[in-house]
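# An overview of the molecular structure
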Amino acid sequence: MFSKILIANRGEIAVRIIKTCRRMGIKTVQVYSEADAGSLAVEMADEAVLIGPAPAAQSYLLADKIVEAVRQTGAEAVHPGFGFLSENASFARRLRDEGIAFIGPNPEAIEAMGDKISSKKLAAEAGVSTVPGHMGLIETTEEAVRIANEIGYPIMIKASAGGGGKGIRVAHSDADMAEGFAAVKAEALNAFGDDRVFLEKFIIDPRHIEIQVMGDKHGAVVHLFERECSIQRRNQKVIEEAPSPLLDPETRAAMGAQAVALAKAVNYDSAGTVEFVAGQDKSFFFLEMNTRLQVEHPVTELITGVDLVEQMIRSAWGERLAFGQEDLAIRGWAIESRIYAEDPYRGFLPSIGRLVRYEQPEEGDQGDYTVRNDSGVREGDEISMFYDPMIAKLCAWGETRDAAVTGMARALEDTHIHGVGHNIPFLAAVMDQPRFRSGNISTSYIKDEFPEGFHGLSPDRRQTDILIATAAAMNEIASEASGDPSGRTDWIVLVGGEAHGVSLDYDDDEALTLSLVGEDRALQVSEIDWRPGLAQFRAVLDGEPYTAEISRVADGFVIRHRAARARVRVLSPMVAALYARLPEKIAADTSKLIQSPMPGLVVAIPVTVGQEVKTGETVAIIEAMKMQNILKAERDGVVKAVSAKAGDPVAADDVLVEFA
């Protein structure tokens, strides 16, 4: 077995690989850019080598630097993780030529499957179901529009070398095709150095289901069942689960057999994923094969008990698979939530900065569910603009899907992040929605359920009780801590603008009972874990544990439980009556301004002062996290001022264009 492996990646996947290597007794070398000098992966690895400045193009994407680090440290193999050089056939071939093991598939398999156009042709030859489309290269917008009309809208525009949700658009008309084709080519060239684009029919109300395969260098290939990855935003997976709530045993077996047939057709010899688009009727069509470890691999590990990183290492060493298809079975259900540094209340825009607070849920057996948290950052670390803004992959396993969903919701409650925007409230909202719990999902789920964007969810009855009980308990604890208890037992708790009368009473066991005035019921809060200064309030309400995120404000608290967030005040009846008379503050009018929704770089401002602009016209293009974000006019108007130009760096909320 290898004695030393170099990890040509960063963040959580680097940490994930190090953990398996440690268990196998293999030493690790972590390469890092200047931005990652103090990272958790660097701290955990046995050795670390600086390979360049922060931009990936000057560090993690430089094969020369990786090979030099291998030679310098005496590593015998390279694990590329995912992204960066993980699907670069030239890199894998170079390592092989230099006698360095590549912990991934052979370069010929990468090459065959890496090009989405040729891979579809190979899939068809292997008997795999494929989506109708045009696999030839398309050079001009006019040609793209003509072909789209032949296939029939809607059409998916995809970069041939794409991945990670980048370089994809859906066109519903000629106008969409003309704009989207140019945008995808530009994104593809910028992200992958390859602007080739192809078209395929977009399946209505589709689901994204993928099959995990694993092969060795002796011709054996098995599948480890499926993952459902239909909860996506801008073609980027957000929530994944295994198995899929759609598939029956027959469909699962058919998809698995096709995935194995395709893998065998290209002599596949490592971990890989065959992705399918599936109809609600269980029909399925090949999308692409990812010749690497997937971000969402933990859910497969949780339901099969197989460590995929370990199997990749053993395959690269030349070992035979120690199990056959008949040895594999699905046990329970697992869900993964990708926690990103992005603000769901601002259109999921990237949020960079320092993790001032990062409290992670306890991993392992939690009774009815099990928690796994794959994270590459710690409290105090910085989320950089140079890389993917992922903070963690939070996973929950349960005996049933319902147990896994409930466990995920609780694990999200127990995760606290401060310093950057994060999508935990959104992830929690999905867990609480009846449609998601039913398993009736599709890739349009987020657009369907949040057509106007995410603004949180209104608290249900239990959450309202949580907000009331939490605020009342904190008010009592804070008063005691300050040495100035009021002695009052009757209070008015304002949740938003809604008043709730409560009468407080401490039981002998330190539980707090709140009688709700006029409702003929009471709430009991026990096992309270909070003191002034803590950002999380943990307690048991009427026998059920919960965690709420809190912050102090001038006259009360802002409390969030999952996706429900409200300003809560605990007031005497007289003060509450005065509050009811206060006028609401009117928000500033920004309707005439086009503001940058995120920190980034201006790609173009295609309007000029005095120009008449119609609703829907593009007024600015901002690049952030390697994605081009097109800002459009929300109403007709005349441009009064342009405050930025191509190449300018901008911060969130910077004014780009002002209308008269």
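Scroll up to find the structure.
Just so we're clear, the structure is a prediction, and the values are computed from it rather than from any experiment.

### Quick notes on the pairing of strand E29 (residues 536-541)
Look at any regular strand and the pattern is simple: side chains alternate between the two faces of the sheet. Taken across its six residues, E29 has five buried, putting it largely inside the fold. Both strand E28 (residues 521-529) and E29 contribute to a ladder of three bridges, which runs antiparallel. Bridging across to E29, Val 525 finds its partner in Leu 541. With antiparallel pairing between neighbouring strands as the criterion, E28 and E29 make up a hairpin whose turn holds six residues, including Gly 533 at a positive phi of roughly 110 degrees. Between E29 and the antiparallel strand that follows it, strand E30 (residues 544-553), lie two residues; Asp 542 among them carries a positive phi value of about 50 degrees.

### Regarding the sheet that holds E28
Spatially, E25-E26-E27-E28-E29-E30-E31-E32 is the arrangement adopted by the eight strands of the closed barrel, whose pairing is antiparallel. Adjacent strand axes in the sheet meet at a mean angle of 35 degrees when their direction is disregarded. On top of the sheet, helix H12 (residues 401-413) reaches E29, E30 and strand E31 (556-561); it is set at about 30 degrees to E30, its chief contact.

### Thoughts on the nonpolar core
One finds Ile 239, Ile 335, Ile 391, Leu 412, Phe 426, Met 431 and Phe 436 to be the most contacted residues of the largest nonpolar core, which totals 40 residues. Of all elements in the fold, only strand E12 (236-242), strand E15 (333-340), strand E23 (390-398), H12, helix H13 (424-432) and helix H15 (445-449) reach the threshold of two or more residues within this core. Broken down by element, this core gets its largest block of residues, seven residues, from H13. Residues within four places of Leu 412 in sequence aside, it is in contact with Ser 337, Ile 339, Leu 394, Ile 424, Leu 427, Ala 428 and Met 431. Ranked by size, the runner-up nonpolar core spans 37 residues in total, among them Ile 5, Ile 13, Met 24 and Val 306.

### Points about helix H5 (residues 107-114)
Looking at H5, one finds that the buried residues are Pro 107, Ala 109, Ile 110, Ala 112 and Met 113. For H5, the elements touching its buried residues are helix H4 (89-97), strand E5 (101-102), helix H6 (116-125), helix H9 (249-265) and strand E14 (284-290).

### Structural notes on the pattern of salt bridges
Within the structure shown, the criterion is met by 59 salt bridges. Here Glu 150 makes a salt bridge to Arg 146, at a shortest N to O gap of 3.0 Å. Of this pair, Glu 150 and Arg 146 both sit in helix H7 (residues 141-151), four residues apart, which is roughly one turn of that helix. Glu 179 serves as the salt-bridge partner of Lys 632, at 3.1 Å between the closest nitrogen and oxygen. Remark: Glu 179 occurs in helix H8 (residues 174-192) and Lys 632 occurs in strand E37 (residues 627-632); sequence separation between them is 453 residues. Through salt bridges with shared partners, one network takes in Arg 16, Arg 23, Glu 301, Asp 307, Glu 310, Arg 314, Glu 319, Arg 372 and Asp 374.

### What to know about the side chain of Ser 230
Structurally, Ser 230 is set in strand E11 (residues 221-233). Owing to a relative accessible area of 1%, Ser 230 belongs among the buried residues under this scheme. Among the polar contacts made by the side chain of Ser 230, one reaches the main-chain amide nitrogen of His 208 at a distance of 2.9 Å. With near-sequence residues (within four places) excluded, Ser 230 lies in contact with Arg 207, His 208, Ile 441, Ser 442 and Thr 443.

### Considering empty space enclosed by the protein
The full count for this structure, using the stated rule, is one cavity of 30 Å³ or more. Put simply, the largest cavity is a space of about 40 Å³. Forming the walls of the largest cavity are Leu 412, Glu 413, Thr 415, Gln 536, Thr 547, Ala 548, Glu 549, Arg 560 and Arg 562. Sorting the residues of the lining of the largest cavity by element identifies H12 and E30 as the ones contributing at least two each. Ranked by residue count, the leading element in the lining of the largest cavity is E30, at three residues. Taken together, the residues of the lining of the largest cavity sort by class into two nonpolar, three polar and four charged.

Parameters and conventions
- Residues numbered from 1 in each chain as written.
- Predicted model: local features only at pLDDT ≥ 70, side-chain atom pairs only at ≥ 80, totals over all residues.
- Heavy atoms only, no water.
- Buried < 20%, exposed > 50% of the residue type's maximum accessible area, 1.4 Å probe, protein only.
- Helix = DSSP H or I, 4+ residues; strand = E, 2+ residues; numbered from the N terminus.
- Pairing = 2+ DSSP bridges.
- Axes fitted to C-alpha atoms, helices over the stretch in contact; angles between N-to-C directions.
- Contact = heavy atoms within 4.5 Å.
- Core = buried A, V, L, I, M, F, W, Y, C linked by side-chain atoms within 4.5 Å.
- Salt bridge = Lys/Arg side-chain N within 4 Å of Asp/Glu carboxyl O.
- Polar contact = N/O pair within 3.5 Å; in protein donor to acceptor, adjacent residues only side chain to side chain.
- 1 Å grid on protein atoms, 1.4 Å probe; cavity = no way out; pocket = protein on both sides within 12 Å on 5 of 7 lines; lining within 4 Å.
- Points joined across faces, edges and corners; volume = space filled by probe spheres on them.
- Nonpolar A, V, L, I, M, F, W, Y, C, P; charged D, E, K, R; others polar.

On their own, these measurements won't tell you what the molecule is for.
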